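A structural walkthrough
These are the residues of each chain, in order.
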Amino acid sequence: MKKKKISLYIGIIIIVSLLILMIVSFFYTPYSVTEMNRIKRFSAPSSEHWFGTDNFGRDILSRIMIGSQTAFFVGLVAVSIGLLFGVVIGAVAGYFGGWIDVFIMRIMDAMMAFPGILFALMFVSIFGVGIRNTIIAIGIMSIPSFARITRSGYIQHKEFEYVKNARVKGVSNIRIIFSHILPNVISPIIVAASMGFSSAVLSEAALSFLGLGVQPPNPSWGRMLNESQMYISIAPWYAIVPGIMITLIVLGFNFLGDGIRDLQDKRK
Amino acid sequence: MFEKDNELLKIKNLQISFNTPSGTFPAVKDVSFEVNRHHIMGIVGESGCGKSVTSLSIMKLLPSNAVCKGTIEFLGADINRMEEKRIRELRGDDISMIFQEPLTSLNPLWKVGKQIDENLKMHTALDKKGRYQEVLDIMKDVGLPDTENLYHKYPHELSGGMRQRIGIAIAIACKPKLIIADEPTTALDVTIQAQILELLKEINATKGSSIIFISHDLGVIKEICQEVCVMYAGYIVEKASVHKLFEAPKHPYTMGLIKSIPTTASKGKRLFDIPGKVPSITDTIPGCPFEPRCPYKKPRCAQEFPEFHPIDEGHDSRCFFAGDF
Amino acid sequence: MKEKILEVINLKKHYTLKRTKLFVKPGAVKALNGIDFSIYKGETFGLVGESGCGKSTAGHTIIRLLDPTEGKILFKGQDITTLKGKELKEIRSDIQIIFQDTTGALNPKKTIEWILNEPLIAHGIGKAERTKIILENIGLVGLDESYLKRYPHELSGGQRQRIGILSALILRPDFIIADEPVSALDVSVQAQILNLMNDLQDKLGLTYLFISHDLNVVHFFCDRIAVMYLGEIMELADAENLYRKTYHPYTQSLISAIPGENEFMEERILLKGDAPNPLNPPSGCFFHPRCFKKMPVCEKIKPEKIEIEKDHFVCCHLYGKER
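1. Some remarks on the overall build of chain A
Counting its regular elements, chain A contains nine helices and zero strands. When its helices and strands are written in sequence order, chain A yields α-α-α-α-α-α-α-α-α. In terms of its C-alpha atoms, chain A occupies a principal-axis envelope of roughly 75 × 50 × 30 Å. A sequence separation of at least 24 residues applies to 71% of the contacts in chain A between residues at least 6 apart.

As structure tokens, this is what we get:
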């Protein structure tokens, strides 16, 4: 049984470390993120610059630290959008069933069939680039999967006797959906939220890599990956460091999600 | 009363506990009884008394964290100390089991005929054709109609009663000496239950298999068993012939249980109810396990632990004052 | 003339299956195929039968958890068959239900106190009043305050059923449908709960519709009993007469099947064959394929309800005009 908790512990350690990095970045970074220094361009990692400098001589460590704010922010807000709409849509579809269910789920199916990145690209090219639209696009993309998970929980639980009991005692449908059933179906949704976080970060990195997400001079790990491609032979650290950070946060949330799921399974 | 060579199964001082991360829990604390040839022995008790665990231990089907002490002698050999290989030979052949829920005890992906056939394959030397014929015969024996067609059906295509008959067919395929039936009719409708009980009685009479019949339903026990053990909190508290048990029970728990069942006499009155509830598996009680709920309790009952002792011929009880009832 | 509290007229509940072939009308499972009975104030009316007979469906339909396909339900004279919304909610304080499955009937993630508050909240009762009501009533079911902060899984089956009963009673209904309330309980706990239900009936002037498959329990607990088979009522009479002066062959086989020493019948009647398939009910009288007193007419025509003795009704050709 102890073996299974390793996922959880690794996930927690990684995420907490990154969170600490992020919190510190609010108060202190070794250098300013925009401070350019022509002389120090492309310097390798040293005691002065732990992760080296980029093509503008900016300290990579500082940019990584501020970039963590972007990563967490994007993940948090995008997942929140997905959760808010996805859970409500899924709950209504699952609980009421019938044509409401069919109607809603066909829309969700259509959304899911559409390639996510393509949608984000379209959205961003219509509404403009930048962090706000990136988050909205990613959030919208994640709605169908939350809706699906929620819906299956509700389909199962609405037949349980405690729900019949509530209906027969006169409790309103809205109250049943949110107060009675939701606490019972929330476990898989939490796991999905954790996985959704890492997927949101990856999507943001992809969009920023393509130049459509976070715009200069704001640092984003994805954009740093993009910008560093040209210089990979002379300053490999410039590409490696943001790559590792993205990998870490994705792994961290995936381990966390796995760990939470294992915990729930064990409890059953 | 029973000759030595008539004895089929002899369980002595059986103790079963389960090792879990939160500690060791005793499910069965002291069980002893014998089953003879052609005999139908009942074990009755409410949930948590340990009857199912006892039956699983006879076939060594307990999970790996179970610790089983005491002797389970089958035809002279102690099952508890037997090696796995030997027990596998016994299972399905000399001793077999019928479970409560036929839907889950049958393999949903195999045709029902094949499941009976599997038992014959493992324990007999018949060839494929011989086995097929034997399966059809067994299916007829358990009262299944249209056997050639039924052979090829899947469990979910059959009704509950028919599935249980398949379960019984699998159990009797190799003409076992002992059948352990764990609540075989609990999940069935009362009219189907009546059919299945008749079938089991017939199997006992014509094929000579002894049956250990486990149930919480005293009516069913009365219907089919010749002798019965009453279990409470991991102990056998009374053992007697069915006739004597219902006529003149000699343990307060048995008496309470019998009185709790609604009968024509109780109509319009309060049912006797045993106050309190069954002790949890973690409670350790110094004296008699039933003492907290017993209407006849005396100071001795809380301090001293009553041993299982004979009151009458063929009638044993675990109560100090059994002789007074 | 005794006051009728519930009247069920030709109640039907059909579930239509999904259409699988384009031009073939989908079949239907006739869970309830036209049942009629009345329940008088203060009595205990039993609905007994084996699995698939429709007794639970009847209970669920009467309390409007399901919508009837046809027929009428009159509660205290009011037609509640098609009530919706606010009007339906109003009668919820008059008719309530107790379920069988004690583990599933209480929300596993909520405390007992929360569970007991919900019916009161739904009927607009304020916090102070709710606390008062709960504290006053918890003793009614033999429990005390200490149970309020616990979760359902911390209680035993019997205790959970007591909470189930309390949550049904907390709105002070006059009529309670009990759907197999003791079937999942041990014999000794069953006795406790049946005694409790009897006491509550005396104390609060309740009327019960008691649904069960256990013939001993039903005989003990109920005043009048209806026997159901495949969605129809085969026989209806008061408890003693139903068990001792049984007319319908199905009822006879049912009662004779009671294991152990049968106090009602000496001969055991063993039915041949299996329980029927509700998807494909037999023609004529539903029971004819298994009936040991079958006549040719039984395969073709459904028997009508006959009052064979005072207040004793049977649906069987043996006693009908077409003999």
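Here the narrative resumes.
2. Side note on the overall build of chain C
Secondary structure assignment for chain C yields ten helices and twelve strands. Across its three principal directions, the C-alpha atoms of chain C cover 65 × 55 × 40 Å. Within chain C, the proportion of its 323 residues that are buried is 44%. Counting only contacts in chain C whose residues sit at least 6 apart along the sequence, the fraction spanning at least 24 positions is 64%.

3. Describing the interface of chain B and chain C
Listed per partner, the contact involves 35 residues of chain B and 30 residues of chain C. Looking at the side of chain B that touches chain C, the elements that each hand over two or more residues are α7 (160–172), α8 (190–207), α9 (218–224) and α11 (252–260) of chain B. Looking at the side of chain B that touches chain C, the element that brings in the most residues is α8(B), giving eight residues. Of the residues in the side of chain B that touches chain C, the class split is 13 nonpolar, 13 polar and nine charged.

4. Quick notes on the packing of helix α3 (residues 98–113) of chain A against helix α5 (residues 131–157) of chain A
All names here are of chain A. Taken N-terminus to C-terminus, the directions of α3 and α5 make an angle of 135°; their axes are 8 Å apart at the nearest point. In terms of orientation, α3 and α5 fall into the oblique class. The hand of the α3/α5 crossing is left-handed. Contact residues: α3 offers M108, M111 and M112, while α5 offers I143, P144, A147 and R148.

5. Focus on the environment of C:G71
Residues and elements named next belong to chain C. In this fold, G71 is placed in strand β4 (residues 70–75). By the C-beta count within 10 Å, which is 17 here, G71 ends up partly exposed. Apart from residues no more than four positions distant in its own chain, G71 is found in contact with I9, N10, L11, K12 and G34.

6. Here we look at the pairing of strand β9 (residues 227–232) of chain B
Residue and element names in this part refer to chain B. Counting buried residues along β9, six of its six residues qualify, which places the element largely inside the surrounding structure. Burial along β9 is two-sided: E227, C229 and M231 and V228, V230 and Y232, pointing in opposite directions, are all buried. Bridge count for strand β3 (residues 40–44) against β9 is four bridges, and the pairing is parallel. From the neighbouring strand, I43 faces β9, where its bridge partner is C229. Direction of pairing for β9 relative to strand β10 (residues 235–241): antiparallel, over a ladder of six bridges. Counterpart to M231 in the pairing with β10 is I236. Hairpin connection from β9 to β10: two residues lie between these consecutive antiparallel strands, with A233 at a positive phi of about 50°.

7. Concerning the sheet that holds strand β11 (residues 305–309) of chain C
Residue and element names in this part refer to chain C. Strand order in the open sheet formed by eight strands is β6-β7-β8-β3-β9-β10-β12-β11, with mixed pairing between adjacent strands. Two strands lie at the open edges of the sheet, namely β6 (95–98) and β11, each paired on one side alone. When strand polarity is set aside, the average angle formed by the axes of neighbouring strands in this sheet is 20°. Of the pairings in the sheet, the one linking strand β9 (residues 224–229) to strand β10 (residues 232–238) comprises six bridges and is antiparallel in character. Its bridge partner lying in β10, R224 is registered against D238. Each of β9 and β10 is contacted by helix α9 (residues 249–256), which is oriented at about 105° to β9, the strand it contacts most.

8. Some details on the sheet that holds strand β5 (residues 78–79) of chain C
Consider a sheet: its strands pair through backbone hydrogen bonds, and that pairing is either parallel or antiparallel. All names here are of chain C. Strands sit in the order β2-β1-β4-β5 across an open sheet of four strands; the sheet is antiparallel. Edge positions in the sheet fall to β2 (28–40) and β5, since each of these pairs with one other strand and no more. Where strand β1 (residues 4–16) and β4 come together, five bridges link them in antiparallel fashion. Paired with L6 across the bridge in β4 is F75. Helix-sheet contacts for helix α1 (residues 55–62) involve β1, β2 and β4, and the interaxial angle to β2 is about 65°.

9. Quick look at unusual backbone geometry
The phi angle of most residues is negative, glycine excepted, and most peptide bonds adopt the trans form. One non-glycine residue, A:F42, lies in positive phi territory at about 55°. Its place among the elements puts A:F42 in the loop between α1 (5–27) and α2 (60–96).

10. Details of the confidence of the model for chain C
In the predicted model, chain C carries a mean pLDDT of 90, and the fraction of residues at 70 or more is 98%. Scored as a whole, the predicted complex attains pTM 0.87, and scored at its interfaces, ipTM 0.86.

11. Details of the pairing of strand β7 (residues 178–182) of chain B
All names here are of chain B. Burial runs high along β7: five of the five residues are buried. Burial of β7 is two-sided: the residues L178, I180 and D182 facing one way and the residues I179 and A181 facing the other way are all buried. Of the pairings in the sheet, the one linking strand β6 (residues 95–98) to β7 comprises four bridges and is parallel in character. When the sheet's bridge partners are listed, I95 is paired in β7 with L178. Where β7 meets strand β8 (residues 210–215), five bridges bridge the pair, whose relative direction is parallel. Across the sheet, residue D182 finds its bridge partner in β8, namely I214. Regarding topology, α8 serves as the crossover connection from β7 to the parallel β8, and that connection is right-handed.

12. Observations concerning the environment of C:K30
All names here are of chain C. Assignment of secondary structure puts K30 in strand β2. With 20 C-beta atoms counted inside 10 Å, the residue K30 sits in the buried group. A sequence separation of 39 residues divides K30 from T69, and the C-alpha atoms of the two residues are 9.8 Å apart. Leaving out residues up to four positions away in the same chain, K30 has contacts with H14, G231, P278 and P281.

13. Observations concerning the nonpolar core
Nonpolar side chains tend toward joint burial in soluble globular proteins. Judged by nonpolar contacts, the single largest core of 236 residues is most densely connected at B:A169, B:I212 and C:V227. Leaving out residues up to four positions away in the same chain, B:I212 has contacts with B:V35, B:M41, B:I43, B:S55, B:L178, B:I180 and B:A181.

14. Here's the deal with the interface of chain C and chain A
Counting residues at the interface gives 19 residues for chain C, matched by 15 residues for chain A. For the side of chain C that touches chain A, the secondary structure elements donating two or more residues are β6 and α3 (112–122) of chain C. For the side of chain C that touches chain A, the leading source of residues is α3(C), giving three residues. Split by residue class, the side of chain C that touches chain A holds nine nonpolar, five polar and five charged.

15. Some remarks on the packing of helix α4 (residues 116–127) of chain A against helix α7 (residues 173–209) of chain A
Each pair of packed helices can be summarised by the angle the axes make with each other and by the distance between the axes. All names here are of chain A. The N-to-C vectors of α4 and α7 enclose an angle of 55°; their axes lie 11 Å apart at closest approach. In terms of axis orientation, α4 runs oblique to α7. Taken as a pair, α4 and α7 cross one another with a handedness that is right-handed. The segment α4 lies against α7, with G116, I117, A120 and V124 engaging S203, A206 and L207. A class-by-class count of the residues in the contact of α4 with α7 yields five nonpolar, two polar and no charged.

16. Things to note about helix α8 (residues 221–228) of chain A
Where burial is concerned, most of α8(A) is hidden: six out of the eight residues are buried. Along α8(A), the residues that are buried comprise A:W221, A:G222, A:R223, A:M224, A:L225 and A:S228.

Here is what the cut-offs are and how they apply
- Residues numbered from 1 in each chain as written.
- Chains lettered and ligands numbered in written order.
- Predicted model: local features only at pLDDT ≥ 70, side-chain atom pairs only at ≥ 80, totals over all residues.
- Helix = DSSP H or I, 4+ residues; strand = E, 2+ residues; numbered from the N terminus.
- Contact = placed C-beta atoms within 7 Å.
- Buried ≥ 20, exposed ≤ 12 C-beta atoms within 10 Å, placed from the backbone.
- Nonpolar A, V, L, I, M, F, W, Y, C, P; charged D, E, K, R; others polar.
- Axes fitted to C-alpha atoms, helices over the stretch in contact; angles between N-to-C directions.
- Parallel < 35°, antiparallel > 145°, perpendicular 65-115°, else oblique.
- Left-handed = near helix turned anticlockwise from the far one by under 90°.
- Pairing = 2+ DSSP bridges.
- pLDDT = per-residue confidence, 0-100.
- Right-handed = clockwise from strand over helix to strand, strands pointing away.
- Core = buried A, V, L, I, M, F, W, Y, C linked by C-beta atoms within 7 Å.

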